[in-house]
Amino acid sequence: MAGMEDESKNTGMAPATQLVHLGRDPKRFDGFVNTPVVRGSTVLSPTYDDLIHHRGRYSYGRRGNPTTEGLETALKALEGGDGVVLTPSGLSAVSIALLSVLSAGDHLLMVDTAYRPTRTVCDTVLKRLGVETTYYDPLIGAGIEGLIRDNTRAIFLEAPGSQSFEMQDVPAIAAVARAHDIVTLIDNTWATPLFFKPHAAGVDISIQAGTKYIGGHADLNLGTISAIGPAWKKVIATHGNLGITISPDDAALGARGLRTLGVRLAHHQRAALDMATWLQQRPEVSRVLHPALPSDPGHTIWKRDFRGASGLFSMILKPVPEQAVAAFFDTLTLFGMGYSWGGYESLAIPFDCRDYRTATTWEVEGPAVRLHIGLDDVDDLKADLCRAFAAMADAAT
């Protein structure tokens, strides 16, 4: 599909300026700065000749409209890929991307620290279709070459790792894959293309749960897939053949969120790093899992490859009984308990990776807590945690 505007004029712009201008064309829509929400299925052709030769900019609502095209155009420029498709959720983006490059009899290398529902797709849908999955240690780096088989067709990465935040050497793994003509895919939701550009690191397919930071307001489910080279042709074909579409209203929410992505991520990064540093000093905390901390095992890779960090990280508490953990969570008032992140709100959930790690062993000294630092004042959030830590201490005695 043709781009909404000439992207070449945006190549020299800073990311903050790109976020404001990409994917919108006020002149086309009578001066309105935001692309209108176009709801429609049928697209009429002016003549018989135009119809049979598919000359129209749009052919059918499922294949795109000005609203979805605007978001795709902006994301294509940010990602630096050959094209972007939109899906109804992050998990659907993962599934479509995998189905685009895998067939019966193929072998997939999947990072052991992937988002748990991604593992479920591998262990159910892909298994039923005859695709074998091998899980690998996220720290394997170029050593992944030793796991490649004759029928290995794809390597899936996620950096940092889901919940446990291990950093992968993405360029090293991508280089090995390219040498063996293997497609690489990455879940880049945590960093977004503002803080890490997978295609520049050699990755073929970049996936985001736009539900998180692109949406930014906890009111949207959205997935995005960016691809380069032969992988792009496979992605767009599979996406179209499966009839995947999103509503124009959701596309408009995604475009709205994109305009403030830079300023929100700047706050998330600053606030989360402040909070992570503070938590390192708390007597209740054994350690903090955040790759932007100099003490983190993955900090060197993060500093080399990433431009920033988002608002999501984890902490390991010192051993306390379960009733004390329950008291901690039940005392929180500013942190909500919910299974998402990336919105304006701060969130906290307990987790235990033991049941869904097979290539690595999840052994920690105490309860694990994942935190998302939202747009709240950090001092207020620290006070909320202080009250929760006090309640935890009382419940532990």
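Residues numbered from 1 in each chain as written. Predicted model: local features only at pLDDT ≥ 70, side-chain atom pairs only at ≥ 80, totals over all residues. Heavy atoms only, no water.

Draft legend 1. Layout of the nonpolar core. Among the nonpolar cores identified, the biggest contains 82 residues, and Leu98, Leu108, Ile155, Leu185, Trp190, Ile205 and Leu258 are the most heavily contacted of them. If one sorts the elements of this core by residue count, helix H4 (residues 90–101) sits on top with 6 residues. Once residues within four sequence positions are removed from consideration, Leu185 is found in contact with Ala97, Leu98, Val101, Ala154, Ile155, Phe156, Leu157, Val203, Ile205 and Ile207. Grouped together as the second largest cluster of nonpolar side chains are 28 residues, Ala272, Phe313, Leu317 and Val325 included. (Core = buried A, V, L, I, M, F, W, Y, C linked by side-chain atoms within 4.5 Å. Buried < 20%, exposed > 50% of the residue type's maximum accessible area, 1.4 Å probe, protein only. Helix = DSSP H or I, 4+ residues; strand = E, 2+ residues; numbered from the N terminus. Contact = heavy atoms within 4.5 Å.)

Draft legend 2. View of the sheet that holds strand E10 (residues 347–351). Pairing is antiparallel across the open sheet formed by 4 strands, whose spatial order is E8-E9-E11-E10. Of all the strands in the sheet, just strand E8 (285–289) and E10 have a single pairing partner and so form its edges. The sheet shows a mean angle of 25° between the axes of neighbouring strands, direction not considered. (Pairing = 2+ DSSP bridges. Axes fitted to C-alpha atoms, helices over the stretch in contact; angles between N-to-C directions.)

Draft legend 3. Seen up close, the sheet that holds strand E3 (residues 132–136). Pairing within the open sheet is mixed, and its 7 strands lie in the order E1-E7-E6-E5-E4-E2-E3. Looking at strand neighbours, the two that pair on one side only are strand E1 (83–87) and E3, the edges of this open sheet. Here the average twist between neighbouring strands, direction ignored, is 20°. With 5 bridges connecting them, strand E4 (residues 152–158) and strand E5 (residues 183–187) associate as parallel partners. The partner of Glu158 across the bridge, within E5, is Asp187. Lying over the sheet, H4 contacts E1, strand E2 (107–111), E4, E5, strand E6 (205–209) and strand E7 (223–227), oriented at roughly 160° with respect to E6.

Draft legend 4. Summary view of the packing of H4 against helix H8 (residues 229–241). Packing of H4 against H8 leaves a shortest axis separation of 8 Å and a crossing angle of 115°. By crossing handedness, the relation of H4 to H8 is classed as right-handed. Here H4 contributes Ile96, Leu99, Ser100 and Val101 to the contact with H8, which in turn contributes Lys234, Val235, Thr238 and His239. (Left-handed = near helix turned anticlockwise from the far one by under 90°.)

Draft legend 5. Layout of the packing of helix H3 (residues 66–79) against helix H9 (residues 248–259). One can describe the packing of H3 onto H9 by two numbers: an axis separation of 8 Å at closest approach and a directional angle of 40°. Between H3 and H9, the crossing angle belongs to the class labelled oblique. With respect to the hand of their crossing, H3 and H9 are arranged in left-handed fashion. Of H9, the residues touching H3 (which contributes Thr67, Thr68, Leu71, Ala74, Leu75 and Leu78) are Pro248, Ala251, Ala252, Gly254, Ala255 and Leu258. Considering only residue class, the contact of H3 with H9 consists of 9 nonpolar, 3 polar and no charged. (Parallel < 35°, antiparallel > 145°, perpendicular 65-115°, else oblique. Nonpolar A, V, L, I, M, F, W, Y, C, P; charged D, E, K, R; others polar.)

Draft legend 6. Focus on the pairing of strand E11 (residues 368–372). With respect to burial, E11 is a largely interior element, 5 of its 5 residues being buried. In E11, alternate side chains face the same way, and those of Ala368, Arg370 and His372 on one face and Val369 and Leu371 on the other are all buried. Two elements, strand E9 (residues 312–317) and E11, share 5 bridges in a ladder whose sense is antiparallel. Each bridged residue has a counterpart across the sheet, and for Met315 the counterpart in E11 is Val369. As judged from the 5 bridges shared by E10 and E11, these two strands associate in the antiparallel manner. The partner of Phe351 across the bridge, within E11, is Ala368.

Draft legend 7. Geometry of unusual backbone geometry. Backbone torsion omega between Ala159 and Pro160 reads -5°, so that peptide bond is classified as cis. Along the polypeptide, Pro160 turns up in the loop between E4 and helix H6 (170–179). You will see that Asp181, though not glycine, has its phi angle at about 60°, which is positive. Mapped onto the fold, Asp181 is located in the loop between H6 and E5. Judged by its relative accessible area of 71%, Asp181 falls in the exposed class. Within the chain, Ala218 stands out as a residue other than glycine whose phi angle is a positive 60°. One can find Ala218 in the loop between E6 and E7.

Draft legend 8. Structural detail: the packing of aromatic side chains. Taken as a whole and assessed by the stated rule, the structure comprises 6 aromatic pairs. Ring centres 5.8 Å apart and planes at 35° place the aromatic pair Phe351 and Trp362 in the tilted group. In this pair, Phe351 is assigned in strand E10 and Trp362 in the loop between E10 and E11, connecting sequence segments 11 residues apart. You can call Trp362 buried: its relative accessible area is 12%. Members of the aromatic cluster, connected to one another through ring pairs, are Trp190, Phe196 and Phe306. (Phe/Tyr/Trp six-rings, centres within 6.5 Å; stacked < 30°, edge-to-face > 60°.)

Draft legend 9. Broad picture of a nonpolar patch on the surface. Residues Leu99, Val125, Leu129 and Leu242 make up a contiguous nonpolar surface patch of roughly 290 Å² in combined accessible area. Within the secondary structure, Val125 is located in helix H5 (residues 116–128). Take Val125: its relative accessible area is 30%, and that puts it in the partly exposed class. (Patch = residues over 30% accessible without salt bridge, like charges linked within 9 Å, V, L, I, M, F, W, Y side chains within 5 Å. Areas by Shrake-Rupley, 256 points an atom, 1.4 Å probe, with all protein chains shown as cover. Salt bridge = Lys/Arg side-chain N within 4 Å of Asp/Glu carboxyl O.)

Draft legend 10. How the structure looks around the side chain of Ser164. In this structure, Ser164 sits in the loop between E4 and H6. Judged by relative accessible area, which is 6%, Ser164 ranks as buried. In terms of polar contacts, Ser164 uses its side chain to reach the side chain of Glu166, at 2.7 Å. Excluding its chain neighbours within four sequence positions, the residues that come into contact with Ser164 are Thr113, Leu289, Arg357 and Trp362. (Polar contact = N/O pair within 3.5 Å; in protein donor to acceptor, adjacent residues only side chain to side chain.)

Draft legend 11. Fine view of the confidence of the model for the protein. Looking at the protein, pLDDT values average 94 and 97% of them are 70 or higher. Taken together, the stretch residues 5–9 has pLDDT below 50 and engages in 8 contacts with residues farther than four places along the chain or on a different chain. (pLDDT = per-residue confidence, 0-100.)

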